[in-house]
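In case you want the letters, here they are:
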Amino acid sequence: FKNMEKAVKRIDKSLLEQELICCYGDYDVDGITGSSLLFNFFQFIGGNATPYVPDRIEEGYGLNKGAITKLAAMGCKLLITADCGIRSVEEIKHANQLGIDIIITDHHEVGEILPDAYAIINPKLPDCPYPFKGISGSGVAMKLAWAVAEGCQNTKKIGSAFKEFLLDSLAFATLGTIADMVPLLDENRAIV
């Protein structure tokens, strides 16, 4: 994925400094499972993380300024989205003003203007070389967790504890993949 290395380096900084990382998922199954996967992963590796899923009625879809303001007041320094954020230009501008770095993990179509996020991980970015464009949001979150695990081990071959955890986490990616009704082809079929 384009920007994956940049995202992993920023996450490594948060882990090292024990910054509060918010795993912000959309309220659908794909977003909930993606953010849960990331939250569980950060808990597993000793990170300081909190989950956030917006209220469907009160806050609506995706990122919102009220939630970002609340998370900034809690001390959040890094917010990682799952299944949302690719069109949240104003919300990410607000986060930047509050000193929160945003890493977007999403699989939705990009708009004409990309948000000014710290890093965007989305196979549908115009110049992203990732070969499979149909992966779900929870699948993209899974890829980020796997890349962080590789970074922690400083190798492409991760240790047995990471491997066991990530393979167990495929249940989250599977549920999100099926519920989001993405094509059951290629990598999605392998995940399921």
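Residues numbered from 1 in each chain as written. Predicted model: local features only at pLDDT ≥ 70, side-chain atom pairs only at ≥ 80, totals over all residues. Heavy atoms only, no water.

Draft legend 1. How the structure looks around the overall build of the chain. Each helix and strand in the chain was counted, giving 7 helices and 5 strands. N-terminal to C-terminal, the α/β element order of the chain is α-β-α-β-α-β-α-β-β-α-α-α. If one aligns the C-alpha atoms of the chain with their principal axes, the spans along those axes are about 40 × 35 × 30 Å. Across the 192 residues that make up the chain, the buried fraction comes to 51%. Within the chain, contacts between residues separated by at least 24 positions form 64% of all contacts whose residues are at least 6 apart in sequence. Accessible surface, the chain as shown: approximately 8900 Å² in total, 55% of it carbon and sulfur. Of the charged side chains in the chain, 18 are positive and 25 negative, and the gap between their average positions amounts to 5 Å. (Helix = DSSP H or I, 4+ residues; strand = E, 2+ residues; numbered from the N terminus. Buried < 20%, exposed > 50% of the residue type's maximum accessible area, 1.4 Å probe, protein only. Contact = heavy atoms within 4.5 Å. Areas by Shrake-Rupley, 256 points an atom, 1.4 Å probe, with all protein chains shown as cover. Lys, Arg positive; Asp, Glu negative; His and termini not counted. Charge placed at Lys NZ, Arg CZ, Asp CG, Glu CD.)

Draft legend 2. Broad picture of the packing of aromatic side chains. Summed over the entire model, instances satisfying the criterion amount to 7 aromatic pairs. Here the aromatic rings of F44 and F162 are separated by 6.0 Å at their centres, their planes lie at 70°, and the arrangement is edge-to-face. Taken together, the residues span a long stretch of sequence, with F44 in helix 2 (residues 29-44) and F162 in helix 6 (residues 160-179) at a distance of 118 residues. Given a relative accessible area of 11%, F162 falls into the buried group. Using a relative accessible area of 39% as the deciding quantity, one classes F44 as partly exposed. In textbook terms, an aromatic cluster arises when at least three aromatic residues are bridged by ring pairs, as seen for F41, F42, F44, F162 and F165. Just above the ring of Y118 sits the side chain of K6; from NZ or CZ to the centre is 4.8 Å. (Phe/Tyr/Trp six-rings, centres within 6.5 Å; stacked < 30°, edge-to-face > 60°. Lys NZ or Arg CZ within 6 Å of the ring centre and 35° of its normal.)

Draft legend 3. Representation of the pattern of salt bridges. The tally for this structure, following the rule as stated, stands at 8 salt bridges. A salt bridge links K2 to D127; its shortest N-O distance comes to 2.7 Å. Note that K2 is positioned in the segment before helix 1 (4-17) and D127 in the loop between strand 5 (119-121) and helix 5 (137-153), a separation of 125 residues in sequence. Residue D127 is classed as partly exposed on the basis of its relative accessible area of 49%. (Salt bridge = Lys/Arg side-chain N within 4 Å of Asp/Glu carboxyl O.)

Draft legend 4. Quick look at the state of the cysteines. Under the defined criterion, the tally for this structure stands at 0 disulfides. Free of any disulfide, C22 has its nearest cysteine sulfur in C76, 5.1 Å distant. Judged by relative accessible area, C22 falls into the buried class, the value being 0%. Left without a disulfide partner, C23 is nearest to the cysteine sulfur of C22, which lies 6.5 Å away. On the accessibility criterion, C23 (0% relative accessible area) is buried. (Disulfide = S-S within 2.5 Å.)

Draft legend 5. Focus on the sheet that holds strand 2 (residues 48-52). Taking strand neighbours across the sheet as the criterion, the 5 strands line up as 2-1-3-4-5 in an open arrangement whose pairing is parallel. Edge strands, defined here as strands with exactly one partner in the open sheet, are strand 2 and strand 5. Averaged over all adjacent pairs, the angle separating strand axes in this sheet is 20°, with direction ignored. Two strands pair when backbone bridges link them, and strand 1 (residues 20-25) and strand 2 are joined in this way by 5 bridges, in the parallel orientation. When the sheet's bridge partners are listed, Y24 is paired in strand 2 with Y52. Packed on one face of the sheet, helix 2 meets strand 1, strand 2 and strand 3 (76-82) and runs near 160° to strand 1. (Pairing = 2+ DSSP bridges. Axes fitted to C-alpha atoms, helices over the stretch in contact; angles between N-to-C directions.)

Draft legend 6. Representation of the packing of helix 2 against helix 5. Interhelical geometry of helix 2 versus helix 5 gives an angle of 15° and a closest axis separation of 7 Å. Classified by the angle between their axes, helix 2 and helix 5 sit roughly parallel to one another. Between helix 2 and helix 5 the crossing geometry is right-handed. On helix 5, the residues that touch D30, T33, G34, L37, L38 and F41 of helix 2 are G137, S138, A141, M142, L144, A145, V148 and A149. Classifying every residue of the contact of helix 2 with helix 5 by side-chain character gives 9 nonpolar, 4 polar and 1 charged. (Parallel < 35°, antiparallel > 145°, perpendicular 65-115°, else oblique. Left-handed = near helix turned anticlockwise from the far one by under 90°. Nonpolar A, V, L, I, M, F, W, Y, C, P; charged D, E, K, R; others polar.)

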